[in-house]
Amino acid sequence: MRIVCTVKNIRIMRTRNLGSMDSEVIFSDYELAGEFPAYDRLADFMWRLFKEKIIPEGFEIEDNDDEIDKTVTRIQGRFWEDGDFYPPTLALLNHGNAAKYLLCCTSKSLATTYQIWFTLDKKRVGLYAFDMKNLHAVITDKDKTYTSDDEGNKAEGFEIFENITRPLWELAANTIMFAQDGTEDEGTLDFAKPRWVDASNILTSLSRDSNKCHLTGRLPDNSYHADMTFEFRELLGDEFDEFVDASDL
């Protein structure tokens, strides 16, 4: 996956001991550009980016002997703490051209919480190419059940997605519909993406074992349910260049 964007308006707050010790740091913009393995969740990708690139692991600010200005927030010791943390969560705060986010991560001891506010600029670009093979799908659409088997398909995408389940779901659904084109099932081409289903209400789950994937999606009342298995890999390097036009990056 190739990403080109600027991370702006970076503000990080570390809270210890239920708010009794707050530390806040504001950072300059960070230019993010390169090829990265496609992430499962944007939250995990950004958390690693902040810890490993934007704010290095050994970052610290030492207090001096001057009188402490209590209006200024100071960091004591290493900013990033060791220990086990819960998976980070990511909230989109606005839907404008520039995407503003809040990233939060809490230690399993509940002693420390990090809150990271940042913006991805409006010129952000995310390019990816996926290869899906040996797709098997069983889909229940109200009172009907459909089964589909297909050798698979390749597809490209042009976004910084928040969760890989969505582009994989789109690729699987499109592969199924293309497979039915010209067959006796052509009249039911929409069963992979029923018109009566609001996609935002579909609960999805993805599990992986090496390159083998199991993707499920359902409505809360199970009136629509899809169960898919397939092999998945990402196109990188020369394969990516042959498949995706990235000349504008």
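It should be noted that the structure appears before, not after, this text.
Residues numbered from 1 in each chain as written. Predicted model: local features only at pLDDT ≥ 70, side-chain atom pairs only at ≥ 80, totals over all residues. Heavy atoms only, no water.

A word on the environment of glutamate 162. Relative to the helices and strands, glutamate 162 is located in the loop between strand 8 (144-158) and helix 2 (165-180). On the accessibility criterion, glutamate 162 (37% relative accessible area) is partly exposed. (Helix = DSSP H or I, 4+ residues; strand = E, 2+ residues; numbered from the N terminus. Buried < 20%, exposed > 50% of the residue type's maximum accessible area, 1.4 Å probe, protein only.)

For the rest of this paragraph, the subject is unusual backbone geometry. Negative phi is the rule for most residues except glycine; trans is the rule for most peptide bonds. The backbone phi angle of asparagine 9 is positive, close to 50°, even though this residue is not glycine. Locating asparagine 9 in the fold gives a position in strand 1 (residues 2-16). For lysine 142, which is not a glycine, the phi torsion comes out positive at approximately 55°. With respect to the helices and strands, the residue lysine 142 is situated in the loop between strand 7 (125-141) and strand 8. Taking the relative accessible area as the measure of exposure, lysine 142 reaches 53% and is therefore exposed.

Before going further, it helps to examine the packing of aromatic side chains. Taken as a whole, this structure holds 13 aromatic pairs when the rule is applied. Plain terms: the ring middles of tryptophan 47 and tryptophan 80 are 5.3 Å apart, the flat faces sit at 80° to each other, and that makes the pair edge-to-face. Of this pair, tryptophan 47 sits in helix 1 (residues 42-54) while tryptophan 80 sits in the loop between helix 1 and strand 4 (89-92), placing them 33 residues apart in sequence. Per residue, the accessibility class of tryptophan 47 equals that of tryptophan 80, and both read buried. Put simply, the rings of Phe36, Tyr39, Phe45, Tyr128, Phe130, Phe161 and Phe232 pair up and form one aromatic cluster. The positively charged end of arginine 11 is found above the aromatic ring belonging to tryptophan 117, 4.0 Å away from the centroid. Directly above the ring of tryptophan 196 sits lysine 142, whose terminal nitrogen or CZ lies 4.5 Å from the centroid. (Phe/Tyr/Trp six-rings, centres within 6.5 Å; stacked < 30°, edge-to-face > 60°. Lys NZ or Arg CZ within 6 Å of the ring centre and 35° of its normal.)

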